[in-house]
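A closer look at the structure
Below are the chains, spelled out letter by letter.
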Amino acid sequence: MTVRAAPRVLWLVVAAYLGLGLVYSLAVPLLRAPDEVGHVDLVEEMSGQWRYPRWDEREVSPGVAQAPHEVRFHEGSRDLVPAEARPRSERPSFEDLGIERGRAGPPNQLTQNPSLYYRVVGAGQWVLDALPGDPARAWDVQTWTMRASSVLMLAALPVAVWASCRRLGVDDGPALTATLAPLCIPQLFHIGSAVNNDNLANALWWLATPVVLALGAGALRGRAPLVAGALTGLAMLTKQTGLVLAVWVALAVVVGWRRSRSGWTAMARAALVSGAVAVAIGGWWWISNLVRFGTLTPSRFEELLPPGSPGTDVPGFVVEALRRYAITFWAGFGHADTQLPTELCVAFSVGALVVLVALLATPRRWSGAALGDRLLLAAPLLMLFGSTFLNALAYYRRSGYTAGVQGRYLFGAIAALAVAGALVVQRLPGLRSRRGPVVVLVVALVIHGFALERILDRYWGDDRGWVGQLRAIAAWSPLPPVPFVVVTAGAAAAVLALGAALLLRQPRSALARPDR
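Residues numbered from 1 in each chain as written. Predicted model: local features only at pLDDT ≥ 70, side-chain atom pairs only at ≥ 80, totals over all residues. Heavy atoms only, no water.

A word on the overall build of the chain. When you go through the chain residue by residue, the secondary structure sums to 21 helices and two strands. Of all 516 residues assigned to the chain, the portion counted as buried reaches 54%. For the chain, the proportion of contacts with a sequence separation of at least 24, taken over those separated by at least 6, is 83%. About 21,600 Å² of surface is accessible on the chain, with carbon and sulfur atoms providing 65% of the total. Put simply, the chain has 47 plus and 34 minus side-chain charges, and the middle of one group is 16 Å from the middle of the other. (Helix = DSSP H or I, 4+ residues; strand = E, 2+ residues; numbered from the N terminus. Buried < 20%, exposed > 50% of the residue type's maximum accessible area, 1.4 Å probe, protein only. Contact = heavy atoms within 4.5 Å. Areas by Shrake-Rupley, 256 points an atom, 1.4 Å probe, with all protein chains shown as cover. Lys, Arg positive; Asp, Glu negative; His and termini not counted. Charge placed at Lys NZ, Arg CZ, Asp CG, Glu CD.)

Structure below.
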């Protein structure tokens with residue numbers, strides 16, 4: 001199989017992802033993202049020790065529990081103005097805040113998750129703590145560097161999309177368009193710039209996409225089963241969605257077996273190798289829970305809510321759940337603080353589903369991909385949605401609460417959806433070469449413009465002017481003035497450089513199609 005190496009413009013796409021992530025990391029007040037207080041608490045805990053707390057033994061530390069008061073969290077962090085910001089030299093550490101509070105916070109139910117994300121980001125904090133002069137001592141600097149660690153994980157998405165397009169023999173133009181398509185999802189960059197274990201779980205899903213497509217093409221020997229097992233195991237050691245990834249890998253093995261016409265032995269060997277590696281790396285966590293506690297996911301979540309009563313309005317639950325999925329997939333910021341219009345989020349969702357259904361329904365001669373490949377590209381969204389929706393419905397029936405319905409739980413499917421979109425774009429003459437990437441980038445920037453306007457109006461400045469809002473962000477920023485300007489100017493430069501490269505790019509011939 002001969003394929004063309006990744007073009008230089010792909011690395012400008014990666015830089016644009018990282019730049020936008022850093023912008024959102026500064027634009028949304030610290031600790032304002034979903035569950036961020038609990039995630040910060042566990043990263044802080046794992047930066048100083050190896051033992052991970054059991055699911056029922058962790059309360060939020062006094063310092064982390066006090067930190068939200070620094071950003072008026074319980075008032076919604078609304079209209080933060082420069083005059084309120086503490087001078088950077090006076091900003092306390094988590095230890096100082098803990099002394100001020102004097103007692104632990106509420107239960108941290110996030111210990112129901114495995115530990116990998118917290119260990120990875122905590123290792124970065126350990127390195128910062130070891131630097132001379134303790135430059136990251138202040139609580140806001142520590143929290144922002146945790147956010148920056150999450151931003152780095154966004155780099156996996158465009159690379160994985162490009163590699164997956166190469167695997168399917170997609171032309172350069174549609175492949176590049178596919179790498180840019182996720183830029184149209186502001187929520188991806190809001191969550192991707194927050195302290196949240198979803199970010200590592202999603203990155204592992206994205207990296208698994210080209211490997212799953214390789215398995216589906218019949219690569220049941222060699223490295224593919226090993227790599228698939230390793231990525232699945234790491235995902236299992238990060239979040240429950242890793243169990244769904246294992247099902248996707250198993251489906252790919254079956255598809256590859258049928259397409260390659262290999263014997264049962266080849267399929268069994270690939271399944272055994274990938275499964276054994278996954279269990280050895282991360283599956284043991286879930287097996288241990290089942291043996292010790294009688295359930296895969298013991299949790300203290302119900303301790304955080306008043307007692308409820310069984311829910312009976314299932315149709316109402318379905319409507320509300322679908323609404324929440326749409327908003328929190330596309331653009332629902334903070335703790336439901338602000339969002340793009342619900343109608344727009346629903347329209348985007350319907351459009352994406354129409355494209356996916358059309359791709360599945362069309363014959364191979366139009367899509368350019370075998371039915372097995374198209375099924376594998378659709379499967380992540382269907383499986384992630386199905387598993388989270390059914391769990392939420394079961395909880396609603398027990399308690400009456402609509403919980404666990406979050407669009408970010410579907411982000412692992414974004415790479416596969418982008419590749420599916422590339423197969424459609426490849427059949428549209430007006431978008432398949434230079435024009436497609438430019439159009440998608442312009443649309444993405446317009447969407448981000450509206451999204452950031454909502455964020456700035458909600459959180460920053462009491463005069464509603466954008467100059468005052470930017471001054472407020474700079475005053476509250478954990479970064480001193482020079483690094484703040486470098487980060488924001490660098491983000492703008494990355495996007496401008498990408499735009500210029502797309503406008504000047506010369507179309508190249510189609511990628512060589514892999515042997516099928």
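Per the counting criterion, the structure on display carries zero disulfides. Between Cys 165, a free cysteine, and Cys 184, which holds the nearest cysteine sulfur, the sulfur-to-sulfur gap is 15 Å. Cys 165 gets classed as buried once you look at its relative accessible area, which sits at 0%. A disulfide-free cysteine, Cys 345 has its sulfur positioned 13 Å from the sulfur of Cys 184, the nearest such atom. (Disulfide = S-S within 2.5 Å.)

What follows is about the packing of helix H10 (residues 198-216) against helix H17 (residues 371-399). Across the interface, H10 lies against H17 with an axial gap of 10 Å and an inter-helix angle of 140°. With respect to H17, the axis of H10 lies oblique. In the crossing of H10 with H17, the sense of the turn from one axis to the other is right-handed. Touching Trp 205, Val 212, Leu 213 and Gly 216 of H10 are Asp 373, Leu 376, Leu 377, Pro 380 and Leu 384, all from H17. Among the residues forming the contact of H10 with H17, the class breakdown is seven nonpolar, one polar and one charged. (Axes fitted to C-alpha atoms, helices over the stretch in contact; angles between N-to-C directions. Parallel < 35°, antiparallel > 145°, perpendicular 65-115°, else oblique. Left-handed = near helix turned anticlockwise from the far one by under 90°. Nonpolar A, V, L, I, M, F, W, Y, C, P; charged D, E, K, R; others polar.)

This part takes up unusual backbone geometry. With a phi close to 60°, Asp 35 is a non-glycine residue in the positive phi region. If you trace the backbone, Asp 35 turns up in the loop between helix H1 (8-27) and helix H2 (36-46). A relative accessible area of 30% means that Asp 35 is categorised as partly exposed. Non-glycine residue Asp 79 carries a positive phi angle of around 50°. Topologically, Asp 79 is positioned in the loop between helix H3 (62-66) and helix H4 (94-101).

Because each turn of an α-helix spans 3.6 residues, side chains separated by three or four positions in sequence point in the same direction. Taking 1.5 Å of rise per residue, the 14 residues of helix H11 (residues 223-236) would be expected to cover 20 Å, and the 20 Å separating its terminal C-alpha atoms lies within 8% of that figure. All of the buried residues along H11 are Ala 224, Pro 225, Ala 228, Gly 229, Leu 231, Thr 232, Gly 233, Ala 235 and Met 236. Looking at the buried positions of H11, the neighbouring elements they touch are H10, helix H12 (241-260) and helix H13 (264-293). (Expected span 1.5 Å × (residues − 1).)

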